[in-house]
Amino acid sequence: MLTDLNINGNALTDVGSSIQNLTLLKTIDLGENQIESTPELIGLPNLYGLRLTGNRIVNVSKDAFKDLPALKILNLARNQLKFIEEGAFDANLNLQALRLDANYLTDISNLFAQSPNLIWLNISDNQLTWFDYALIPKQLQWVDLHKNGKTFISCLNILKQRTTEMNEKFEC
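All values reported here derive from a predicted model rather than from experimental measurement.

With that settled, consider the overall build of the chain. Tallying secondary structure elements over the chain gives two helices and 10 strands in all. In sequence order, the chain lays out its α and β elements as β-β-β-β-β-β-β-β-β-α-α-β. The buried share among the 172 residues of the chain stands at 42%. Sequence-distant contacts in the chain: of pairs separated by 6 or more residues, those separated by 24 or more amount to 34%.

With that settled, the discussion passes to the pattern of salt bridges. All told, the structure shown has five salt bridges when counted by the stated rule. With a closest N to O distance of 3.6 Å, Lys66 and Asp67 form a salt bridge. A residue is classified by how much of its surface remains accessible, and Asp67, at 34% relative accessible area, is partly exposed. A salt bridge links Asp101 to Arg99; the nearest nitrogen and oxygen atoms lie 2.7 Å apart. Using a relative accessible area of 8% as the deciding quantity, one classes Asp101 as buried. Residue classification places Arg99 among the partly exposed residues on the basis of a relative accessible area of 29%.

Bringing the packing of aromatic side chains into the picture now. Under the definition given, this model contains three aromatic pairs. Here the aromatic rings of Phe65 and Phe89 are separated by 6.4 Å at their centres, their planes lie at 10 degrees, and the arrangement is stacked. Linking Phe65 in the loop between strand E4 (59-60) and strand E5 (73-75) with Phe89 in the loop between strand E6 (83-84) and strand E7 (97-99), this pair joins segments that are 24 residues apart in sequence. A relative accessible area of 0% places Phe89 in the buried class.

A word on the nonpolar core. Core analysis: the largest hydrophobic core is formed by 39 residues, its most contacted members being Leu50, Phe65 and Phe112. Excluding residues within four positions of it along the chain, Phe65 makes contact with Thr38, Leu50, Leu52, Val60, Leu71, Leu74, Leu76, Ala88, Phe89 and Asn92.

It is worth spelling out the side chain of Asp29 at this point. With respect to the helices and strands, Asp29 occurs in strand E2 (residues 27-29). Since its relative accessible area comes to 14%, Asp29 is described here as buried. A distance of 2.8 Å separates a polar atom in the side chain of Asp29 from a polar atom in the side chain of Arg51. Residues within four places of Asp29 in sequence aside, it is in contact with Leu5, Asn6, Ile7, Asn8 and Arg51.

Once that is clear, we can look at the environment of His146. As for its position among the elements, His146 is in the loop between strand E9 (142-144) and helix H1 (150-153). In this structure His146 comes out as partly exposed when scored by relative accessible area, which is 27%. Measuring from C-alpha to C-alpha, the distance between His146 and Asp101 comes to 9.5 Å, with 45 residues separating the pair along the chain.

A word on the environment of Arg51. Tracing the backbone shows Arg51 in strand E3 (residues 49-51). For the pair Arg51 and Glu32, spaced 19 residues apart in the sequence, the C-alpha separation amounts to 9.4 Å. Non-local contacts of Arg51, meaning those with residues more than four positions away in its chain, are made with Asn8, Ile28, Asp29, Leu30, Gly31, Glu32, Asn75 and Arg78.

Next up on the list: the side chain of Asp144. Within the secondary structure, Asp144 sits in strand E9. In this structure the side chain of Asp144 is engaged in a polar contact, spanning 2.6 Å, whose partner is the side chain of His146.

Bringing the confidence of the model for the chain into the picture now. With 86% of its residues at a pLDDT of 70 or more, the chain has an overall mean of 88. Ignoring residues within four places in sequence, the model shows residues 164-170, a span with pLDDT below 50, making 14 contacts including any to other chains.

Looking now at the environment of Ser17. Relative to the helices and strands, Ser17 resides in the loop between strand E1 (4-6) and E2. We classify Ser17 as exposed; its relative accessible area is 55%. With 25 residues separating them in the primary sequence, Ser17 and Ile42 have C-alpha atoms 8.4 Å apart.

Procedures and definitions
Residues numbered from 1 in each chain as written. Predicted model: local features only at pLDDT ≥ 70, side-chain atom pairs only at ≥ 80, totals over all residues. Heavy atoms only, no water. Helix = DSSP H or I, 4+ residues; strand = E, 2+ residues; numbered from the N terminus. Buried < 20%, exposed > 50% of the residue type's maximum accessible area, 1.4 Å probe, protein only. Contact = heavy atoms within 4.5 Å. Salt bridge = Lys/Arg side-chain N within 4 Å of Asp/Glu carboxyl O. Phe/Tyr/Trp six-rings, centres within 6.5 Å; stacked < 30°, edge-to-face > 60°. Core = buried A, V, L, I, M, F, W, Y, C linked by side-chain atoms within 4.5 Å. Polar contact = N/O pair within 3.5 Å; in protein donor to acceptor, adjacent residues only side chain to side chain. pLDDT = per-residue confidence, 0-100.

As structure tokens, then:
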């Protein structure tokens, strides 16, 4: 029975419907390919880990991960992400760890409002120009914000104070 699928580094541009309805699959590694949009992943009720790092994904729609109820770990680092639609992670109530580092994101407002279990977030090395610390989930235990824009830095003192008071890990 197939539970883990690793097809990274194969110069894939799309996976089509080839990995749909593999109900026992727990992890998929599609990293270091040439995928330009989030794959349509349907019929994967047990999938808790998805690695899409090092691809060419530019946008993430609000429906991109809606059919992955068990998703806990999502890695979208080192893509070309410029925009993530509000609500993109709303259906992933079990999401605990999210990597969005090394992209071109300028705004992450309201992306995590419906992420009650998110405890680990890396949004470093982006182009964030605006940031409201109040929109970061209270249960977050680790966040990495380093290497973002100069206008972003002015908001960090308040966040740093909040995370220090809560004994959470903070990197800037």
